[in-house]
Structure formats: C-alpha cells, structure tokens
Amino acid sequence: MLTGIRLSIGTAWLVIVAAEMLTGGVGIGFWVWDEWNNLKVEHIVIAIFVIGIVGFALEQMLLLLARRFTYENR
C-alpha cells in the first residue's frame, strides 16, 4: 500500500507543477513558466533544482514511513 502512495505522490507532484504552469498565478510551476518567458535561464535552473529537491524529500519521507511499518525479520 505504501508503494502505491509513493508512486502517487510522485505523480501528484509532477501534475501540480504542470498545472501551475498552465493556470498561472502562484507556485513553482508558474515561476518556471514566467522565467522561461523572460529568458532567465539561471532562475529556471534554480527552479528545476527546487522541484527535484522537494520531490526527493517527499520520496525520502515516504521511505522512512514505509520502513517504520515494515515487519520483516531483521
């Protein structure tokens, strides 16, 4: 069950960032799109790293949670 949650969180993070690019307003996706339109490549690279770090942090938190509830012989 926790594997399914990990997969869905990754997909949800991807969809949230993409939806922010389309709808505009606020968020990291909108910031990337706005910087793309303003041709500020250094800000786009920073945003890509932020998106990756947040995704990695979510993955690690769910891995810790999965290890907490795993009942294997150790």
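Up top you'll find the structure we're talking about.
Everything numeric here is computed off the predicted structure, so don't read it as measured data.

The next subject is the packing of helix α1 (residues 2-23) against helix α3 (residues 41-68). Where α1 meets α3, the closest approach of the two axes is 10 Å, and the angle between their N-to-C directions is 165°. As the angle between them shows, α1 and α3 are arranged roughly antiparallel. For the pair α1 and α3, the sense of crossing is right-handed. Counted together, Leu2, Ile5, Arg6, Ile9, Trp13 and Val17 of α1 and Ile51, Val54, Gly55, Leu58, Glu59, Leu62, Leu63, Leu65 and Ala66 of α3 form the full contact between these two elements. When the residues that make up the contact of α1 with α3 are grouped by side-chain class, the tally is twelve nonpolar, one polar and two charged.

In the contact formed by helix α2 (residues 28-37) and α3, the axes pass within 9 Å of each other and the chain directions differ by 160°. Here α3 runs roughly antiparallel to α2, going by the angle between their axes. Between α2 and α3 the crossing geometry is left-handed. Where α2 abuts α3, its residues Ile28, Trp31, Val32, Glu35 and Trp36 lie against His43, Ile44, Ile46, Ala47, Val50 and Ile51. Taken together, the residues of the contact of α2 with α3 break down into nine nonpolar, one polar and one charged.

As a further point, take the side chain of Glu35. The topology assignment puts Glu35 in helix α2. Here Glu35 occupies a buried position and makes no salt bridge, while the nearest side chain of opposite charge, Lys40, is found at 4.4 Å. A polar contact of 2.9 Å, which involves the side chain of Glu35, links it to the side chain of His43. When neighbours within four sequence positions are excluded, Glu35 is seen to be in contact with Lys40, His43 and Ile44.

What counts, and where the lines are drawn
Residues numbered from 1 in each chain as written. Predicted model: local features only at pLDDT ≥ 70, side-chain atom pairs only at ≥ 80, totals over all residues. Heavy atoms only, no water. Axes fitted to C-alpha atoms, helices over the stretch in contact; angles between N-to-C directions. Helix = DSSP H or I, 4+ residues; strand = E, 2+ residues; numbered from the N terminus. Parallel < 35°, antiparallel > 145°, perpendicular 65-115°, else oblique. Left-handed = near helix turned anticlockwise from the far one by under 90°. Contact = heavy atoms within 4.5 Å. Nonpolar A, V, L, I, M, F, W, Y, C, P; charged D, E, K, R; others polar. Buried < 20%, exposed > 50% of the residue type's maximum accessible area, 1.4 Å probe, protein only. Lys, Arg positive; Asp, Glu negative; His and termini not counted. Salt bridge = Lys/Arg side-chain N within 4 Å of Asp/Glu carboxyl O. Polar contact = N/O pair within 3.5 Å; in protein donor to acceptor, adjacent residues only side chain to side chain.

Read these as geometric descriptors, not functional statements.
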